[in-house]
Amino acid sequence: MSSTRRMPGQRIGGWQAFALLTLLSWSGSVLCFATQHSTVRPLSHLQQPLITKGRIQNPIFAAVPTSDDGNNESITPSIPPGGAHIIPRRLVFDDLDKRLLKISLPVIANFAISPLIGAVDFFWVNRMGNPLAVAGQAAANQVFNSIFWIASFLPSITAILISKENARGNKEGVRDAVCQAIFVGILFAVFSTTLMMAFPEKVLSSVLDTSAPALAYAKPYLMIRALASLPALISLVGFSAFRGILDTVTPVKISSFANLFNAVLDPIFIFTLAMGVPGAALATLASEIVSAVSYLTLMRRQKMVEIRRLLRIPSWKQLSPLLKGGAALQLRNISLNLTFLAVTRATQAIDSRGIAANAHALSIQTFQIGGIVLLALSSVAQTIVPNDLEVGGKRNAKITSNRMMRWGILLGAALGGLQMALLPFLMKTTPLEEVRLAARVPATLSCLYQVINGMVFIGEGIMIGTGSFLQLSIGTVVATAGVLWALRVFPPTMGLTGVWIGFGVFNTLRLLSVLIHQLVNGPLAPRNIKEAGAK
């Protein structure tokens, strides 16, 4: 069906989308507020001694007052105001918030910088004025990301392992965790690069028909982009390593330099050297190599990595924590990959001229304005929660996790409003009026979904931090089943708007999984903390 025949249906579907979105976006918030006075109770009845003497030195716990009275008596930290509820009774900004903010801001900056590679590529390819070029690049990027995400357990598990070893002061353990993660990354990079370069049409068929006009642009882009697998994995491990030792500033510097490098090369390769879409891939590859070399140099300088260890096969005892945790997360990664591949395929199938795919790429860029902040906080939660558990126990980890969930709710609403305000400016990034019209409702939905995303992203970061990998994976599988159903029901009548309604279904089901973990059966659920305190 052509895009011109879709437009009237899309406008009608837009009003239907807003009605459905109201239910999706606010149901989670209402559920959280409803449980404030029932399931989630203050933690004052759970107070248990955490230490016998001295003062907790870890900066995460600077907000938890202790005392040195010389009596060597058990000391019970007080609960910071507003820290005992997912939805606090009153808003505060105390020392705990300040410490979290100090750790979070560099991570947010890094996450804000990282998507610039894709955004800059999107901008310059869009300047070519060819919707098929944008559609081909978007399809190739989705395939690359889907294959690459199979190894996305590496940064998550690595950050947890390094955070725990760093909290114990075990430098050798930190070094082992980094080297093992890079070793596994090298093996995966060899496999993924070979797959994409040897069978580009086969892997692209997951998102494009073999006769799709965009395939001519997607294939050369993917074959160059495939070479970035190894440097990209090294950069991810490096980012996780510095995050695990609570150095969140160094990754920002590396990302800034690498993205600046990409921004300079893009117009030169695409237009000056007349390379077109392959030029964008080549600029991205160069920036990834710069990032990987920077991380390796700095990690070696800080004795976090040894070249001879990278060339030595680790023992099963060394690899087992990484691989067991990764195996549990693979089910989640497969589900996420299936979701985004299905979304991309549904988008590409809407029309053959690339208008819907172009509009979808524009809507994704709109989503990333707020999404990067929330994803950054999810990354912070993955590091802080295991650190809290190692040093201060479940009770302090619960205080921190609830405070971060509060941040998610407030930031989700604020960032959604900011995106909405910036929407007219973002629409001007494409010169095609037809693309702007097709992206109007989906881009608006992406703004409103941040209300859900704030709780989902941070909540799933907490699940990873507590090691609840299997429960997280099961929740993602259920959400994927929901979005696959939605993609069969809505896009045939509502076009691209229906695809984005599917996103709403996906994240709402993920929110329900987060709430069950937070309030019912997770390690930091109130009843489990009470049982741990009784023991």
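Per-chain numbering applies: the sequence of each chain, read as written, is numbered from 1 onward. Only residues with pLDDT of 70 or above have their local features reported here, since the model is predicted, and side-chain atom pairs are shown and tallied only from 80 upward, although totals for entire chains, interfaces and linings are computed over all residues. Where side-chain values are given, they derive from all heavy atoms of the structure, hydrogens and water being excluded.

This is how the line gets drawn: UniProt positions are given in the numbering used here, feature names are shortened, and annotations may be inferred rather than shown by experiment.
Where an unreviewed UniProt entry is consulted, the chain appears under the name Multidrug resistance protein, MATE family, with the organism given as Fistulifera solaris. According to UniProt, the comment filed for the chain under the heading Sequence similarities (unreviewed entry) is "Belongs to the multi antimicrobial extrusion (MATE) (TC 2.A.66.1) family." UniProt annotates the chain under Subcellular location (unreviewed entry) with the comment "Membrane".

Focus on unusual backbone geometry
Here is the rule: Helix and strand definitions here come from DSSP, where helices need a minimum of 4 consecutive H or I residues and strands a minimum of 2 consecutive E residues; each element is numbered from the N-terminal end. Each residue's exposure class comes from its accessible area (1.4 Å probe, protein chains only) as a fraction of the maximum for that residue type: buried when under 20%, exposed when over 50%, partly exposed otherwise.
Within the chain, Leu 246 stands out as a residue other than glycine whose phi angle is a positive 65°. Inspection of the secondary structure assignment puts Leu 246 in the loop between α9 (229-244) and α10 (250-272). What makes Leu 246 partly exposed here is its relative accessible area of 24%. In this structure, Ala 274 takes a positive phi of about 55° despite not being glycine. In this structure, Ala 274 sits in the loop between α10 and α11 (277-301).

A closer look at the packing of aromatic side chains
For clarity, the cut-off: Paired rings are identified among Phe, Tyr and Trp, the last through its six-membered ring, by centres lying within 6.5 Å, and are further divided according to the angle between planes into stacked (under 30 degrees), edge-to-face (over 60) and tilted (the rest).
For the structure shown, the criterion picks out 10 aromatic pairs. The interplanar angle of 80° and the centroid separation of 5.2 Å between the aromatic rings of Phe 123 and Trp 124 together place this pair among those described as edge-to-face. Exposure remark for Trp 124: the relative accessible area of 25% places this residue in the partly exposed category. Taken together, a centroid distance of 6.2 Å and an interplanar angle of 40° make the contact between Phe 242 and Tyr 295 tilted. With Phe 242 in helix α9 and Tyr 295 in helix α11, this residue pair connects regions lying 53 residues apart in the sequence. A relative accessible area of 0% means that Phe 242 is categorised as buried. Exposure remark for Tyr 295: the relative accessible area of 2% places this residue in the buried category. Taken together through their ring pairs, the aromatic side chains of Phe 340, Trp 500, Phe 503 and Phe 506 make up a single cluster.

Quick word on the UniProt feature "transmembrane region" (unreviewed entry) in the chain
Here the UniProt-annotated "transmembrane region" (unreviewed entry) positions come out as residues 12-34, 100-123, 143-162, 182-200, 220-242, 254-274, 280-299 and 404-425. Its end C-alpha atoms 29 Å apart, residues 254-274 is made of 90% helix and 0% strand. Counting secondary structure, residues 404-425 comes out at 100% helix and 0% strand; the distance between its end C-alpha atoms is 31 Å.

Observations regarding helix α8 (residues 215-225)
Counted only if it meets this: The reported arc concerns the directions from the helix axis to the C-beta atoms and nothing else.
Among the residues making up α8, those that are buried are Leu 215, Ala 218, Tyr 221, Leu 222 and Arg 225. Each buried residue of α8 sits inside an arc of 135° when the element is viewed along its axis, so together they form one side.

Considerations on the pattern of salt bridges
As a reminder, the rule being used: Salt bridges are defined as contacts in which a side-chain nitrogen from Lys or Arg sits within 4 Å of a carboxyl oxygen from Asp or Glu.
As enumerated under the stated definition, the model contains 17 salt bridges in all. Glu 201 is the partner of Lys 219 in a salt bridge, and the nearest nitrogen-oxygen pair spans 2.5 Å. Separated by 18 residues along the polypeptide, Lys 219 in helix α8 and Glu 201 in helix α7 (residues 200-204) bring together distant segments of the chain. Look at Glu 201 and you get partly exposed, because its relative accessible area is 39%.

Details of the nonpolar core
So the rule is basically this: The nonpolar core is taken to be a set of buried Ala, Val, Leu, Ile, Met, Phe, Trp, Tyr and Cys residues, with the residues joined through side-chain atoms within 4.5 Å. A domain assignment, automatic or from a database, supplies the domain bounds used here. In what follows, residue pairs with any heavy atoms lying within 4.5 Å of each other are defined as contacts.
Judged by nonpolar contacts, the single largest core of 130 residues is most densely connected at Val 178, Leu 208, Leu 222, Met 299, Val 499 and Trp 500. Ranked by residue count, the leading element in this core is helix α14 (residues 355-391), at 16 residues. Domain assignment of the residues forming this core places at least three in each of domain 1 (97-314) and domain 2 (318-534). Residues within four places of Met 299 in sequence aside, it is in contact with Val 178, Ile 182, Gly 238, Ala 241, Phe 242, Met 304 and Val 305.

Some remarks on the environment of Ser 256
To keep it simple, the criterion reads: Whenever a nitrogen or oxygen atom comes within 3.5 Å of another N or O atom, the pair is scored as a polar contact, on the condition that within protein one atom can donate a hydrogen and the other can accept it, and that pairs from neighbouring residues in sequence are kept only if both atoms are in side chains.
Tracing the sequence through the fold places Ser 256 in helix α10. A relative accessible area of 32% places Ser 256 in the partly exposed class. Ser 256 sits 143 residues away from Ile 113 along the chain, and the two C-alpha atoms are 6.4 Å apart. Engagement of the side chain of Ser 256 in a polar contact is seen with the backbone oxygen of Val 252, the distance being 2.7 Å.

Considering α14
As a reminder of what qualifies: For a helix, the expected span equals 1.5 Å multiplied by the residue count minus one. A residue's bend is simply the angle between two axes: one fitted to the seven residues ending at it, one to the seven starting at it.
Look at α14: 53 Å from first C-alpha to last across 37 residues, which is about the 54 Å you get at 1.5 Å a residue. Ile 369 marks the point of greatest bend in α14, at about 45°. When you tally the buried positions in α14, you get 29 out of 37 residues, the bulk of the element. Once α14 finishes, Gly 393 follows within two positions and takes phi at roughly 90°, a positive value.

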